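Each chain, letter by letter, is given below.
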Amino acid sequence: MSENPGKLEYVPTTCPYCGVGCGLNLVVNDGKLVGVEPFKRTPVNEGRLCPKGATCWEHVQSPDRLTTPLIKKNGKFEEATWDEALDLVASKLKETSDKYGPRSLGFQVSCRTPNEDCYAMQKFARVAFKTNNVDNCARICHGPSVAGLSLSFGSGAATNPFEDVLNADLIFMIGSNAVEAHPLAGRRVAQAKKKGIEIIVCDPRYTPTARLADTYLRYNPSTHIALINSMMYWIIEENLHDKAFIEERVKGFDELKETVAKYANVEDITGVPTETVKEIARKYASAKNAVIIYCLGITELTTGTDNVRSLGNLSMLTGNIGRPGVGVNPLRGQNNVQGACDMGAYPNVYSGYQKCEVDDIRHKMEQLWSVTDLPEWYGASLTEQIDQCGDPIKSMYILGLNPVVTYPNSNHVMKSLEKLDFLVVQDIFFTETCQYADVILPGTCFAEKDGTFTSGERRVNRIRKAVDGPGESMEDWRVFVKLAEKLNLPGFEFETAEDVWNDLRRVTPSMAGLNYERLNRPESLHWPCPTEEHPGTPILHIGKFSSADGKGTLFGIEYRPPAEVADAEYPFTLMTGRLLFHYHSRSQTGRAKILHQEVPESYVQINNEDAKKLNIANGEKIKLSSRRGEVETLARVTDEVAPGVLMMTMHFGTGAVNLLTNDVRDPMSKMPELKHCAVKVEKLTEA
Ligand SMILES: Nc1nc2c(c(=O)[nH]1)N[C@H]1C(S)=C(S)[C@@H](COP(=O)(O)OP(=O)(O)OC[C@H]3O[C@@H](n4cnc5c(=O)[nH]c(N)nc54)[C@H](O)[C@@H]3O)O[C@H]1N2
Ligand SMILES: Nc1nc2c(c(=O)[nH]1)N[C@H]1C(S)=C(S)[C@@H](COP(=O)(O)OP(=O)(O)OC[C@H]3O[C@@H](n4cnc5c(=O)[nH]c(N)nc54)[C@H](O)[C@@H]3O)O[C@H]1N2
Ligand code: SF4
Ligand SMILES: [Mo]
């Protein structure tokens, strides 16, 4: 019984799910969470939450939480003390590094954990083992945005805040289903519609977001470059490009013009009639202020970086960048995917995108961290590390990621993890990946620790401890402090999350001005923010681009098809994605009762005509197979996908879509082709 049944405490914090970064209050009674209410003073969500945010407290108190370190002995996990577990982890990692060198270790950093955890982990990897084999799951999410927008504009981040769409005259959305995946950013689009702002949605699938559109454009999956090149061809042809902006602020126009000259008519590739392309091109180019919103339909392909650069081209060609109401905005996925990248959990940069290969920067970091010989080489990316399991990677450390369900080609992932000598998994639940671990460490979750999440609009939001973690669980950053103690490393004398953050500020000029006191305000601040007097930077590229010469770059980009296209043996194109009620591998949303009840099982969307041809009824169990694996799942018959196209969500460990997906990578950003592969469909039972 509660000692204080009537006394409720409200702890303001940030939602742990998507990159919108909604503010909410955790409601606490007698040391236990009893609910959530939206935090009305946060400008991001103005007192509203989506179904995931509203239930985000439920999993925290699940009896399934990891409560103590576990060590695998003779194939079985046994409870251990922190001292035993950390001694084992420290000694195994050290042994691997001494015997095989810095490329024999792999560090995989979460985008779910706060900045402080991400910063501590990458610092630990670099300081302890002189390795740059550090990466985070942006690699399989918005890695192409970081790469592509950096090449186009000089900075890999979203250019304008979410609410700024209300200053636009036209919103061009492509490969984003914001209504389900970023509901409170989707709300801004719905508000814009009410205001009379025109909305164009391009997606191969008719989504809940497409329902908001004034113009919905269906195109063939993965043909964006052809579509956008064609739009640019007609913009130039009809003299709608912004000559003054191009002259003053960008380079590469001639190359772009020459390339797009080949794309007047792209109906054969995209399935979109030329007149329709012309019409949307005219609309986008003649709007006074037009903003582009995009997401994984653009990035999760082997052409991901080129797709992103194509959108950069489109915005600069028409001068739609660098002021309110315009811009190019990737909706960043995870609660802290922006932050994990900003913290330097990346194989070639320290925090604030300071490049490891630049001697001056590396020497500065050596000085600030009191170490020598930091590596300058480009480390292995997330899925490259999976390919390298066994050789040269012998030991791996995974923080808050579930690769067995979420990385492409699950059979390959499972086989690879088996080749490791030693695997540490630090999570809050026993996931599908934990099975492959030698040591499992219990972290505390967002409700049990202080820190910061950086949202998709570069806003650094505070999270605050509301309750104690279960059992022996420990803040993730503190685990690295303890490991550093075991290895006698300098620079980990942190007692609080704020100490970790202040160490980050000390080494990161673009975030030096963001002290906790300033971040405590509900509206917080957007980086870059170099000094404590600086007001933060909600809109990038005003007046000049962030590149070294201040100019934006237009690129001539040719269309390439995806790596694996449908053929006689595997005649369907499989797309993958999300639905409103679940989050990734469901370790959290699967433990919120209402969310689980909404959609308890894996399914695939299949077009009516295809279902009829194959004699498949709605709700029937069917088998999908690709060159990499097979799954059984339920058919959902619909006209939301075109004939020949299937769509499956990524949320289910049973009937897992990644048994089918292709692990081939975009050469520039190393993004695997999670959103396009060829499959066949088989009926399981004769009707
Ligand atoms: N409910 C919920 N919300 C989430 C998440 C979640 O798991 N659940 N995850 C978060 C994360 S990490 C991210 S990155 C975002 C992702 O957010 P989104 O990218 O918006 O979500 P997806 O459903 O993965 O993909 C978006 C759309 O891309 C389309 N698409 C467009 N063009 C193409 C194409 O050429 N090929 C293919 N194959 N598809 C195309 C698909 O039809 C789909 O509707 O969502 C975040 N929010
Ligand atoms: N086919 C296909 N595959 C995809 C995608 C797709 O669209 N299609 N999308 C991709 C994208 S965009 C992404 S971002 C990835 C996501 O891939 P993952 O990040 O691997 O997915 P999650 O299920 O969110 O895994 C996060 C883990 O962190 C744990 N966790 C949460 N909070 C904490 C914490 O505070 N501390 C610790 N230690 N652990 C914590 C959770 O329990 C969970 O096990 O999936 C990718 N995979
Ligand atoms: S929109 Fe995203 S951040 Fe906001 S409540 Fe929903 S899941 Fe959480
Ligand atoms: Mo993501």
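Residues numbered from 1 in each chain as written. Chains lettered and ligands numbered in written order. Predicted model: local features only at pLDDT ≥ 70, side-chain atom pairs only at ≥ 80, totals over all residues. Heavy atoms only, no water.

Enquirer: I'd like to hear about the packing of helix α2 (residues 82–100) against helix α19 (residues 476–486), residue by residue, with values.
Expert: Relative to each other, α2 and α19 sit at 65°, their axes nearing to 10 Å. Considered as vectors, α2 and α19 are oriented roughly perpendicular to each other. Along this stretch, α2 crosses α19, giving a crossing that reads as right-handed. Together, Trp-82, Asp-83, Leu-86, Asp-87, Val-89 and Ala-90 of α2 and Val-479, Lys-482, Leu-483 and Lys-486 of α19 make up the contact between the two elements. Each residue belonging to the contact of α2 with α19 can be placed in one class, and the counts come to 6 nonpolar, no polar and 4 charged. (Axes fitted to C-alpha atoms, helices over the stretch in contact; angles between N-to-C directions. Helix = DSSP H or I, 4+ residues; strand = E, 2+ residues; numbered from the N terminus. Parallel < 35°, antiparallel > 145°, perpendicular 65-115°, else oblique. Left-handed = near helix turned anticlockwise from the far one by under 90°. Contact = heavy atoms within 4.5 Å. Nonpolar A, V, L, I, M, F, W, Y, C, P; charged D, E, K, R; others polar.)

Enquirer: Got a sec to walk through helix α18 (residues 410–418)? Specific residues and values, please.
Expert: For α18, every residue scored as buried is listed here: Ser-410, Val-413, Ser-416 and Leu-417. Buried residues in α18, looked at end-on, bunch into an arc of 125°, giving them a common side. Exposed residues on α18 whose side chains face more than 90 degrees from its buried face are Lys-415 and Glu-418. Considering only its buried residues, α18 is in contact with α16 (382–387), β16 (395–399), α17 (403–406) and β17 (422–427). (Buried < 20%, exposed > 50% of the residue type's maximum accessible area, 1.4 Å probe, protein only. Arc of directions from axis to C-beta.)

Enquirer: I'd like to hear about the site of ligand 3, residue by residue, with values.
Expert: Taken together, the residues surrounding ligand 3 are Cys-15, Tyr-17, Cys-18, Gly-21, Cys-22, Leu-49, Cys-50, Lys-52, Gly-53, Pro-183 and Leu-184. Within the residue set of the shell around ligand 3, elements represented by two or more residues are α1 (51–54) and α6 (183–194). (Near = heavy atom within 4 Å.)

Enquirer: I'd like to hear about a nonpolar patch on the surface, residue by residue, with values.
Expert: Together, Leu-8, Tyr-10 and Val-34 line one region of the surface with nonpolar side chains, adding up to about 260 Å² of accessible area. Its location among the elements puts Tyr-10 in strand β1 (residues 9–14). By relative accessible area, Tyr-10 is classed as partly exposed at 42%. (Patch = residues over 30% accessible without salt bridge, like charges linked within 9 Å, V, L, I, M, F, W, Y side chains within 5 Å. Areas by Shrake-Rupley, 256 points an atom, 1.4 Å probe, with all protein chains shown as cover. Salt bridge = Lys/Arg side-chain N within 4 Å of Asp/Glu carboxyl O.)

Enquirer: Give a description of the sheet that holds strand β9 (residues 198–202) that names residues and reports values.
Expert: Read from one edge of the open sheet, 5 strands run β10-β9-β8-β12-β13, paired in parallel fashion. The sheet terminates laterally at β10 (215–217) and β13 (327–330), the two strands that pair on one side only. Across the sheet, the mean angle from the axis of one strand to that of its neighbour is 15°, orientation sign disregarded. Bridge analysis of β9 against β10 gives 3 bridges, and the strand direction is parallel. Each bridged residue has a counterpart across the sheet, and for Cys-202 the counterpart in β10 is Leu-217. Relative to β13, helix α4 (residues 143–153) is tilted by about 165°, and along the sheet it contacts β12 (290–294) and β13. (Pairing = 2+ DSSP bridges.)

Enquirer: Mind laying out the domain arrangement of the protein chain, listing which residues take part and the relevant values?
Expert: Taken domain by domain, the protein chain consists of domain 1 (9–55), domain 2 (70–140 + 335–445 + 466–497), domain 3 (143–331) and domain 4 (572–683). Here the C-alpha centre of domain 3 lies 32 Å away from the C-alpha centre of domain 1. Taken together, the contacts link 12 residues of domain 1 with 10 residues of domain 3. Where domain 1 abuts domain 3, roughly 810 Å² becomes buried across the two surfaces, and 60% of that area is made up of carbon and sulfur atoms. On inspection of domain 1 and its partner domain 3, the count reaches 2 salt bridges. Where domain 1 packs against domain 3, one counts 4 residue pairs in polar contact (both at pLDDT 80 or more). Here the side of domain 1 that touches domain 3 is built from residues that sort into 7 nonpolar, 2 polar and 3 charged. (Domains from an automatic or database assignment. Buried area = accessible area lost by both parts, 1.4 Å probe. Polar contact = N/O pair within 3.5 Å; in protein donor to acceptor, adjacent residues only side chain to side chain.)

Enquirer: Which residues make up the environment of Ile-199, and what values go with them?
Expert: Within the secondary structure layout, Ile-199 lies in strand β9. Classification of Ile-199 as buried rests on a relative accessible area of 0%. In this structure, the C-alpha to C-alpha distance between Ile-199 and His-651, residues 452 residues apart in sequence, is 29 Å. The contact partners of Ile-199, leaving out residues within four places of it in the chain, are Ile-171, Val-189, Lys-193, Leu-212, Ala-213, Asp-214 and Thr-215.

Enquirer: How would you sum up the site of ligand 2? Please name residues and give values.
Expert: Neighbouring residues of ligand 2: 34 residues in total, closest Thr-406, Asp-427, Ser-585, Ser-587 and Asn-658. In the model, an oxygen atom of ligand 2 is placed 3.1 Å from a nitrogen or oxygen of the His-584 side chain. The side chain of Ser-585 places a nitrogen or oxygen atom 2.5 Å from an oxygen atom of ligand 2. Here the residues of the shell around ligand 2 sort into 12 nonpolar, 15 polar and 7 charged. The residue makeup of the shell around ligand 2 includes at least three contributed by each of domain 2 (70–140 + 335–445 + 466–497) and domain 4 (572–683).

Enquirer: Lay out the UniProt feature "domain: 4Fe-4S Mo/W bis-MGD-type" (unreviewed entry) in the protein chain in plain terms, naming residues and giving numbers.
Expert: The UniProt entry lists residues 8–64 under the feature "domain: 4Fe-4S Mo/W bis-MGD-type" (unreviewed entry), expressed in the numbering used here. The distance separating the terminal C-alpha atoms of residues 8–64 is 25 Å; by composition the span is 7% helix and 35% strand. (UniProt positions renumbered as here; feature names shortened; annotations may be inferred.)

Enquirer: Lay out the pattern of salt bridges in plain terms, naming residues and giving numbers.
Expert: In this structure the tally under the stated criterion is 37 salt bridges. The shortest N-O distance in the salt bridge between Arg-591 and Asp-64 comes to 2.8 Å. Pair noted here: Arg-591 is in the loop between β22 (572–577) and α22 (593–598) and Asp-64 is in the loop between α1 and β4 (70–73), with a separation of 527 residues, a long-range link. When its relative accessible area of 29% is taken as the criterion, Arg-591 is described as partly exposed. Overall, Asp-64 belongs to the partly exposed group, its relative accessible area being 42%. One salt bridge in this structure joins Arg-362 and Asp-359, with 3.0 Å as the shortest N-O distance. With Arg-362 and Asp-359 both in helix α15 (residues 359–369) and 3 residues apart, the pair spans about one turn of that helix. Look at Arg-362 and you get buried, because its relative accessible area is 8%.

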